[in-house]
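# Chain and residue survey
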Amino acid sequence: MSQDSTDYNTYRTPLSSRYASKEMKINFSDQKKFSTWRKLWLYLAQAEKELGIDITNEQLEEMRKNLTNIDYKQAAMEEKKFKHDVMAHVHTFGAVCPKAAPIIHLGATSCYVGDNTDLIVLRDGLEILKPKLATCIALLRNFAMEHKDLPCLSYTHLQAAQVSTVGKRACIWAQDLLMDLKNMERVSSELRFRGVKGTTGTQASFLALFDGDAAKVKELDRKVTELAGFKSHFIICGQTYSRKVDAEVLSVFASFGATVHKICTDIRLLSSFKELEEPFEADQIGSSAMPYKRNPMRCERICSLARLLISLIMNPLQTASVQWMERTLDDSANRRVVLPEAYLGADAILMTLQTIFEGLVVYPKVIA
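Under the annotation held in an unreviewed UniProt entry, the protein chain carries the name Adenylosuccinate lyase and is attributed to Biomphalaria pfeifferi. The UniProt entry for the protein chain carries the following text under Pathway (unreviewed entry): "Purine metabolism." Comment text from UniProt for the protein chain, heading Sequence similarities (unreviewed entry), reads "Belongs to the lyase 1 family. Adenylosuccinate lyase subfamily."

Right under this line is the structure:
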């Protein structure tokens, strides 16, 4: 074990160890996930108390003080015992909140914390990505304006065609990125909270909790949705929120992957022509055998990660298609892998794309 506490004998995804930003890794961290579970249990208890369930302020305060006080070793022991991650954390939370333990998860099902947390993480991840994409568009806009009058050959079929300008070509790239930003804004604005729906979406457990008072059940759903920071929730769901939501989000990322692959392929080709290239640092080595080479490694990295983004869309599509009746659990393991990879991949691409757009180099004499 090194001084930086990295275990070099254990596999780590390169998306986390090499490419993605700290804020995106935090967004998909265990601490974010399980502290959000606890927040959701607090929101539920708080709303239940406001609607007449016998819950004390002392119990709520005990929960509030322990939202981030998570004993992961105990949670692992509990999960080994129960073979159930949510119940493991119910017991772990209850251990530090003994007074609140009887009312933690009251009336809820596992998807209350699991699915609602996923929606929060998806929402927060989009809020990380959107400004980064907007920054890339702004940089490209500046580049296009700077070179709007610089004539260059356009290429169709990768053969010399009519005269265009360097700035005009950059506008083609920017237009596609604007479409991607609008898609991200749309899917972000359309995200809805799963809410408080019970085991199969009928809210039966909460109806029983409130002695058949349907109005209170509806109000509970509304209150918890508001506490979680969402403007709306699903009216209808099975045990989970519709897995089509995951497909819609990742389809936006797949489309974005196609955009950046095209842009960076163009830059790689223009680099080969020596008309334009990505920034090349003073101490950068192009090749171990041929250090004089100016390989477009940033664009190549983006193309590589873009293919990952494009390919990932098949997973949520297939997952949505095989959710029998109200739900099957064969979605779980797949989503644990695919959703973080898509977000970390998009994040890594945007970070690299920004460095490219900040330092694009144009060679007017070669173009002439």
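Our focus in this paragraph is the packing of helix α11 (residues 244–273) against helix α14 (residues 332–358). Running from N to C, α11 and α14 point in directions that differ by 30°, and their axes come no closer than 11 Å. For the pair α11 and α14, the sense of crossing is left-handed. Of α14, the residues touching α11 (which contributes Asp-246, Val-249, Leu-250, Phe-253, Phe-256, Val-260, Ile-263, Cys-264 and Ile-267) are Arg-335, Val-338, Leu-339, Ala-342, Tyr-343, Ala-346, Ile-349, Leu-350, Leu-353, Ile-356 and Phe-357. Considered class by class, the residues forming the contact of α11 with α14 number 18 nonpolar, no polar and two charged.

So, about the nonpolar core. Membership of the largest hydrophobic core comes to 99 residues, with the highest contact counts inside it found for Trp-41, Met-63, Tyr-112, Leu-177 and Phe-253. Per-element accounting of this core gives the leading share, 14 residues, to helix α7 (residues 110–146). Not counting residues up to four positions away in its chain, the partners in contact with Leu-177 are Leu-133, Ile-137, Leu-140, Phe-256, Thr-259, Val-260, Ile-263, Leu-353 and Phe-357.

Next up on the list: the packing of aromatic side chains. The tally for this structure, following the rule as stated, stands at eight aromatic pairs. Feature note: the residues Phe-34, Trp-37, Trp-41, Tyr-72 and Phe-93 constitute an aromatic cluster, connected by ring pairs. The ring of Phe-234 carries the charged tip of Arg-192 above its face, separated from the ring centre by 4.1 Å.

Moving on, we come to the pairing of strand β1 (residues 151–156). Direction of pairing for β1 relative to strand β2 (residues 159–165): antiparallel, over a ladder of five bridges. Note on β2: the bridge partner recorded for Thr-156 is Gln-159. Linkage of β1 to β2, two consecutive antiparallel strands, is achieved through a turn of two residues, within which His-157 is found at a positive phi near 60°.

Position of Gln-203 among the secondary structure elements: in the loop between α8 (166–190) and α9 (204–209). For Gln-203, a relative accessible area of 16% corresponds to the buried category. Only 2.7 Å separates the side chain of Gln-203 from the backbone oxygen of Val-196, close enough to count as a polar contact. Filtering out sequence-adjacent residues up to four positions away, Gln-203 remains in contact with Val-196, Lys-197, Gly-198, Val-217 and Asp-221.

We now examine the side chain of Arg-298. Checked against the element boundaries, Arg-298 lands in helix α12 (residues 297–312). Here Thr-355 takes part through its side chain, which lies 3.4 Å from a polar atom of the side chain of Arg-298.

Turning our eyes to something else, we now look at helix α4 (residues 57–64). Because an α-helix packs 3.6 residues into every turn, residues spaced three or four apart end up facing the same way. Taken as a whole, α4 has its buried residues at Gln-59, Leu-60, Glu-62 and Met-63. For α4, the arc enclosing every buried residue in end-on projection is 160°, short of the 170-degree limit, so these residues lie on one face. Residues of α4 that are buried sit in contact with α3 (30–50) and α6 (85–96).

Okay, α11 next. Its 30 residues give α11 an end-to-end C-alpha distance of 44 Å, which sits within 8% of 44 Å, the value for a rise of 1.5 Å per residue. Looking one or two residues past α11, Lys-274 carries a phi angle of roughly 65°, positive in sign.

Attention shifts here to the packing of α12 against α14. Helix-helix packing is described using two parameters, namely the angle between the two axes and the distance between the axes. Relative to each other, α12 and α14 sit at 155°, their axes nearing to 9 Å. Compared by their axis directions, α12 and α14 come out roughly antiparallel. The way α12 lies across α14 gives a crossing that is left-handed. Note on element contacts: α14 touches α12 through Val-338, Glu-341, Ala-342, Ala-346, Ala-348, Ile-349, Thr-352, Leu-353, Thr-355 and Ile-356, opposite Arg-298, Cys-299, Arg-301, Ile-302, Leu-305, Ala-306, Leu-308, Leu-309 and Leu-312. A per-class count over the contact of α12 with α14 returns 14 nonpolar, two polar and three charged.

To continue, consider unusual backbone geometry. Phi at Lys-83 takes a positive value of approximately 55°, unusual for a residue other than glycine. The topology assignment puts Lys-83 in the loop between α5 (72–82) and α6. For Leu-158, which is not glycine, the phi torsion reads 60° and is therefore positive. Assignment of secondary structure puts Leu-158 in the loop between β1 and β2. Under the relative-accessibility criterion, Leu-158 is labelled partly exposed at 45%.

This next bit is on the pattern of salt bridges. Enumeration according to the criterion identifies 20 salt bridges in this entry. Between Lys-132 and Asp-347 there is a salt bridge whose closest N-O contact spans 2.6 Å. With a gap of 215 residues between them, Lys-132 in helix α7 and Asp-347 in helix α14 connect regions that are remote in the sequence. On the basis of relative accessible area, Lys-132 is assigned to the buried category, the value being 13%. With its nearest N and O atoms 2.7 Å apart, the salt bridge here joins Lys-262 to Asp-266.

Definitions and limits used
Residues numbered from 1 in each chain as written. Predicted model: local features only at pLDDT ≥ 70, side-chain atom pairs only at ≥ 80, totals over all residues. Heavy atoms only, no water. UniProt positions renumbered as here; feature names shortened; annotations may be inferred. Axes fitted to C-alpha atoms, helices over the stretch in contact; angles between N-to-C directions. Helix = DSSP H or I, 4+ residues; strand = E, 2+ residues; numbered from the N terminus. Left-handed = near helix turned anticlockwise from the far one by under 90°. Contact = heavy atoms within 4.5 Å. Nonpolar A, V, L, I, M, F, W, Y, C, P; charged D, E, K, R; others polar. Core = buried A, V, L, I, M, F, W, Y, C linked by side-chain atoms within 4.5 Å. Buried < 20%, exposed > 50% of the residue type's maximum accessible area, 1.4 Å probe, protein only. Phe/Tyr/Trp six-rings, centres within 6.5 Å; stacked < 30°, edge-to-face > 60°. Lys NZ or Arg CZ within 6 Å of the ring centre and 35° of its normal. Pairing = 2+ DSSP bridges. Polar contact = N/O pair within 3.5 Å; in protein donor to acceptor, adjacent residues only side chain to side chain. Arc of directions from axis to C-beta. Expected span 1.5 Å × (residues − 1). Parallel < 35°, antiparallel > 145°, perpendicular 65-115°, else oblique. Salt bridge = Lys/Arg side-chain N within 4 Å of Asp/Glu carboxyl O.

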